[in-house]
Amino acid sequence: MFRNQYDTDITTWSPAGRLHQVEYAMEAVKQGSACVGLKSNTLVVIGSLKRSPHAELSSYQKKLAKIDDHIGFGIAGLASDGRVLIKNARTQAINHKYTYDTPISVQRLVLQISDKSQVSTQRSSKRPYGVGLLISGYDEQTGTHLFQTEPSGNYYEYKAIAIGARSQSARTYFEKNYQTFEEADEETLILHALRALKGTTGDNVELTSKNASISIVGKDRKYKLIEEEQLEPYLAKLEENAAATTEQQPAEQQDDVDEEMVQ
Amino acid sequence: MSMDNFGLYKLMHEDAPKNNNPLLEQPTLAKTHTTDPIVTGTSVLAIKFNGGVAIAADTLASYGSMARFRDIERLKSFGKYTIVGASGEYSDFQYIEEQVKQSLIDRDYQLDDGRSTTPREIYQYLVRVLYNRRNKFDPLYNVLVIAGYENGKAFLGQTDYLGTHFEDVTLATGYGSYIAQPILRKFYSEKNGNITEQEAKDILKKCLTVLFYRDARAADKVQIAVINDQGPKIDEPIKLETQWTFKGF
């Protein structure tokens with residue numbers, strides 16, 4: 001992306017009808033490590049690929065967050081911006097529980113978070129959040145939901161989706177397989193998520209129990225995070241089934257990015 | 001009930017000894033809150049049955065001991081799944097109905113996301129509103145019964161102007177809590193909770209009749225409403241049959 005005279009102020013239009021600062025924020029999402037999500041009729045799974053500044057010495061940046069027993073977030077982009085939205089969502093969830101004694105509706109939480117993002121595209125004193133979210137949720141009245149939000153304030157609902165660096169290969173994988181997701185069980189969904197994630201790791205990076213993590217929400221169950229040694233059995237199964245895996249498209253070309261900033 | 005809780009009338013009256021306290025010369029400038037209800041409804045009764053909840057109240061709003069408004073509705077439907085019945089200050093109930101419809105029910109239509117506010121949500125919201133107003137020492141002077149049926153589950157709960165709240169399988173407010181509640185509880189336990197819609201309506205009607213005999217603020221014009229998987233249904237008012245020829249009367 002090239003600099004031009006219309007990109008220093010968030011709220012100034014370019015003659016082509018674009019808001020460059022908002023588009024740069026969307027670029028930050030594309031450069032964050034990938035997040036994938038998919039759902040069945042009863043479960044929603046989010047998988048994330050984590051980065052570490054120094055693989056051996058430091059911990060990995062956490063990218064999956066529990067908002068409530070029935071809602072999970074996955075982030076791609078600036079992790080610190082993500083934390084702000086996570087904190088806001090948790091506050092809304094707990095306030096809803098206090099006022100109404102029921103779990104907050106996923107759709108309505110997504111709407112509020114997206115409205116919050118939209119505000120920062122229209123005020124000169126702000127900047128857009130440099131983070132994209134995958135939001136998984138279960139609702140008693142309307143069932144499972146998987147949403148994607150953008151820094152622009154747009155949000156979309158999906159059966160399966162992936163965001164972040166090299167996520168095109170994961171989306172292609174989902175497009176080939178999504179028809180079987182509706183009736184799939186927990187293990188099948190997790191393996192699909194891991195298989196989709198595997199295509200986003202890039203050259204010379206293996207998918208391991210250190211850099212991958214999975215979260216699940218769904219009907220009659222509480223938010224569950226699967227990582228570290230709990231993820232090992234699933235990764236082992238992935239190896240076993242490797243031969244049967246559908247062929248995947250080559251990974252997208254990747255821009256040079258400051259990996260310490262963008263998680 | 002006294003309208004002059006602090007005895008100001010006596011102090012201000014011409015014949016009363018003059019007091020030099022300047023505060024007493026302009027008592028109306030002080031901020032006042034509702035300390036007594038003015039126009040009031042009496043008992044609300046409700047009982048769960050197989051596949052729903054029945055709720056009943058008479059149609060009278062009294063002004064003190066005067067039967068002032070004889071054809072008002074004290075049972076209102078709140079959205080697709082809930083009926084709320086109110087005892088106590090009728091204007092406060094009208095205010096509550098308006099607020100809840102605006103902030104909860106209308107919002108369901110505005111968002112159009114396939115969700116409808118549930119009985120439990122309305123119940124808990126009302127509890128919070130009433131408790132909040134009590135903490136401002138400006139209570140909404142009601143005892144509310146919230147009856148609902150949603151997702152195959154019946155809901156029945158009560159809250160009052162202090163924010164006290166509880167759920168039960170049978171409920172009765174006001175005089176009804178002394179007179180009707182024991183009848184309803186006995187009926188419910190004898191039937192082991194296995195009650196048809198018609199049986200529920202019949203026992204409520206019987207309790208309303210007993211209340212009409214014993215509660216001087218009760219009327220013989222009543223409404224019985226049912227909430228089940230068909231949604232809320234509030235019947236037109238009916239007249240209770242009474243028998244006044246007993247020797248004791």
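- The name recorded for chain B in an unreviewed UniProt entry is Proteasome subunit beta, from Acrasis kona.

- Under an unreviewed UniProt entry, the name given to chain A is Proteasome subunit alpha type, and the source organism is Acrasis kona.
- Taken verbatim from the UniProt record of chain A, the Function (unreviewed entry) comment is "The proteasome is a multicatalytic proteinase complex which is characterized by its ability to cleave peptides with Arg, Phe, Tyr, Leu, and Glu adjacent to the leaving group at neutral or slightly basic pH. The proteasome has an ATP-dependent proteolytic activity."

1. Examining the overall build of chain B
Here's step 1: A count of helical and extended segments in chain B gives 5 helices and 14 strands.
Here's step 2: Expressed as a percentage of contacts within chain B between residues at least 6 apart in sequence, the contacts between residues at least 24 apart total 61%.

2. Concerning the confidence of the model for chain A
Here's step 1: Within chain A, residue pLDDT values average 91, and 90% of them lie at 70 or more.
Here's step 2: Confidence drops under a pLDDT of 50 for residues 248-254 of chain A, and excluding neighbours within four residues, the segment shows 12 contacts in the predicted structure.

3. A look at the interface of chain B and chain A
Accessible area lost upon the coming together of the parts serves often as the stated size of an interface.
Here's step 1: In this assembly, 16 residues from chain B lie in contact with 15 residues from chain A.
Here's step 2: The largest contributions to the chain B side of the interface with chain A come from Arg115(B), Glu121(B) and Arg128(B), which together make up 37% of the buried area.
Here's step 3: Connecting chain B to chain A are 4 salt bridges.
Here's step 4: With its nearest N and O atoms 2.9 Å apart, the salt bridge here joins Arg108(A) to Asp113(B).
Here's step 5: Our enumeration of links across chain B and chain A arrives at 10 residue pairs in polar contact (both at pLDDT 80 or more).
Here's step 6: At 5 residues, the largest contribution of residues to the side of chain B that touches chain A is made by helix α3 (residues 119-135) of chain B.
Here's step 7: Of the residues in the side of chain B that touches chain A, the class split is 3 nonpolar, 5 polar and 8 charged.

4. As for the pattern of salt bridges
Here's step 1: For the coordinates displayed, the defined rule picks out 27 salt bridges over all chains.
Here's step 2: A salt bridge links Asp68(A) to Lys97(A), with the nearest nitrogen and oxygen atoms 3.1 Å apart. Here Asp68(A), found in strand β3 (residues 64-68), pairs with Lys97(A), found in helix α2 (residues 79-100); they are 29 residues apart in sequence, far enough to count as distant.
Here's step 3: Judged by relative accessible area, which is 38%, Lys97(A) ranks as partly exposed.
Here's step 4: Among the ionic pairs, Arg115(B) bridges to Glu121(B), the shortest N-O distance being 3.8 Å. In this pair, the class of Arg115(B) matches that of Glu121(B), namely buried.
Here's step 5: Via salt bridges that share partners, Asp101(A), Arg120(B) and Glu167(B) belong to a single interconnected network.

5. Comments concerning the sheet that holds strand β1 (residues 35-39) of chain A
All names here are of chain A.
Here's step 1: Read across the sheet, 5 strands follow the order β8-β1-β2-β9-β10 without closing on themselves; strand pairing throughout is antiparallel. At either end of the open sheet lies a strand with only one pairing partner, and these are β8 (160-163) and β10 (221-226). Ignoring which end each strand starts from, the neighbouring axes of this sheet average 10 degrees apart.

6. Some remarks on a nonpolar patch on the surface
Here's step 1: Residues Ile38(B), Tyr63(B) and Met66(B) make up a contiguous nonpolar surface patch of about 280 Å² in total accessible area.
Here's step 2: In this fold, Met66(B) is placed in strand β5 (residues 66-69).

7. Here we look at the packing of helix α4 (residues 168-177) of chain A against helix α5 (residues 186-198) of chain A
Residues and elements named next belong to chain A.
Here's step 1: Between α4 and α5, the least distance of the axes is 8 Å, while the angle of their chain directions is 140 degrees. If you check the angle between α4 and α5, you find them oblique. In terms of crossing hand, the pair formed by α4 and α5 is right-handed. Contacts between α4 and α5 involve Ala170, Tyr173, Phe174 and Asn177 from the first element and His192, Arg195 and Ala196 from the second.

8. Notes on the UniProt feature "domain: Proteasome alpha-type subunits" (unreviewed entry) in chain A
Here's step 1: Residues annotated by UniProt as "domain: Proteasome alpha-type subunits" (unreviewed entry) correspond here to residues 6-28 of chain A.
Here's step 2: Annotated as 39% helix and 0% strand, the span residues 6-28 of chain A places its first and last C-alpha atoms 19 Å apart.

9. Some thoughts on empty space enclosed by the protein
Residue and element names in this part refer to chain B.
Here's step 1: Tallied over the full model, the rule gives 1 cavity of 30 Å³ or more.
Here's step 2: Taken as a whole, the largest cavity encloses approximately 50 Å³ of empty space.
Here's step 3: If one sorts the elements of the lining of the largest cavity by residue count, helix α5 (residues 197-214) sits on top with 3 residues.
Here's step 4: A breakdown of the residues in the lining of the largest cavity according to their chemical character gives 5 nonpolar, 2 polar and 3 charged.

10. Quick word on the pairing of β1(A)
All names here are of chain A.
Here's step 1: Counting buried positions over the 5 residues of β1 gives 5, a clear majority of the element.
Here's step 2: Burial along β1 is two-sided: the face carrying Cys35, Gly37 and Lys39 and the face carrying Val36 and Leu38 are both buried.
Here's step 3: Across 4 bridges, the pairing between β1 and β8 is antiparallel. Within β8, the residue paired with glycine 37 across the bridge is isoleucine 161.
Here's step 4: With 5 bridges joining them, β1 and strand β2 (residues 43-49) adopt antiparallel strand pairing. Considered in β2, the bridge of lysine 39 is made with valine 44.

11. Quick notes on the packing of aromatic side chains
Given two aromatic rings, their pairing is described by the distance between the two centres and the angle made by the two planes.
Here's step 1: All told, the structure shown has 10 aromatic pairs over all chains when counted by the stated rule.
Here's step 2: Where Tyr100(A) meets Tyr125(B), the ring centres are 5.7 Å apart and the plane angle is 5 degrees; that geometry is what we call stacked. Taken together, the positions of Tyr100(A) in helix α2 and Tyr125(B) in helix α3 put the pair across two chains. Both residues of the pair, Tyr100(A) and Tyr125(B), count as buried.
Here's step 3: An aromatic cluster of at least three residues, connected via ring pairs, comprises Tyr173(A), Phe174(A) and Phe181(A).
Here's step 4: Lying over the aromatic face of Tyr98(A), Arg128(B) brings its terminal NZ or CZ to 3.9 Å of the ring centre.

Criteria and cut-off values
- Position numbers for residues count from 1 along each chain, tracking the sequence in the order it is written.
- All chains are assigned letters beginning at A, and all ligands numbers beginning at 1, according to the order in which they are written.
- Only residues with pLDDT of 70 or above have their local features reported here, since the model is predicted, and side-chain atom pairs are shown and tallied only from 80 upward, although totals for entire chains, interfaces and linings are computed over all residues.
- Neither water nor hydrogens contribute to the side-chain values; these are computed over all heavy atoms in the structure.
- UniProt positions are given in the numbering used here, feature names are shortened, and annotations may be inferred rather than shown by experiment.
- Strands here mean DSSP runs of E at least two residues long; helices mean DSSP runs of H or I at least four residues long; both are numbered from the N terminus.
- The contact criterion used is simple: two residues touch if any of their non-hydrogen atoms lie within 4.5 Å.
- Each residue carries a pLDDT value, the predictor's own confidence for that position, ranging from 0 to 100.
- Accessible area, probed at 1.4 Å, shrinks when two parts are joined; the buried area is that loss added up over both.
- Only one rule defines a salt bridge in this text: a Lys or Arg side-chain nitrogen within 4 Å of an Asp or Glu carboxyl oxygen.
- Pairs of N or O atoms within 3.5 Å make up the polar contacts considered here, provided that, within protein, one atom can donate a hydrogen while the other can accept it, and that residues adjacent in sequence are counted only when both atoms are side-chain atoms.
- Classes in brief: Ala, Val, Leu, Ile, Met, Phe, Trp, Tyr, Cys and Pro nonpolar; Asp, Glu, Lys and Arg charged; the others, Gly included, polar.
- Think of it in three bands: residues with accessible area under 20% of the maximum for their type are buried, residues over 50% are exposed, and the middle band is partly exposed, with areas taken using a 1.4 Å probe on protein chains only.
- At least two DSSP bridges between two strands are needed for those strands to be called paired.
- Orientation is described by lines fitted to C-alpha atoms, with helices fitted over the stretch in contact, and by angles between N-to-C directions that extend from 0 to 180 degrees.
- Candidates for patches are residues over 30% relative accessible area with no salt bridge; among them, like charges are joined within 9 Å and nonpolar side chains (Val, Leu, Ile, Met, Phe, Trp, Tyr) within 5 Å.
- Only the protein chains shown count as cover for residues, and all accessible areas are computed by the Shrake-Rupley method using a 1.4 Å probe.
- Here roughly perpendicular refers to angles of 65 to 115 degrees, roughly parallel to angles under 35, roughly antiparallel to angles over 145, and oblique to all remaining angles.
- By convention the crossing between two helices is left-handed if the near helix lies anticlockwise of the far one by an angle smaller than a right angle, and right-handed if it lies clockwise.
- Using only the protein atoms, space was sampled on a 1 Å grid; points where a 1.4 Å probe fits but cannot get out form cavities, open sets with protein on both sides within 12 Å along at least five of seven lines form pockets, and lining residues are those with an atom within 4 Å of a point.
- Grid points are joined across faces, edges and corners, and a volume is the space filled by probe spheres set on the points.
- Only rings of Phe, Tyr and Trp enter the pairing, Trp through its six-membered ring, and a pair is recorded when the two centres are within 6.5 Å. The plane angle decides the type: under 30 degrees is stacked, over 60 is edge-to-face, the rest tilted.
- When the NZ atom of lysine or the CZ atom of arginine is within 6 Å of a ring's centre and also within 35 degrees of its normal, the charge is said to sit over that ring.

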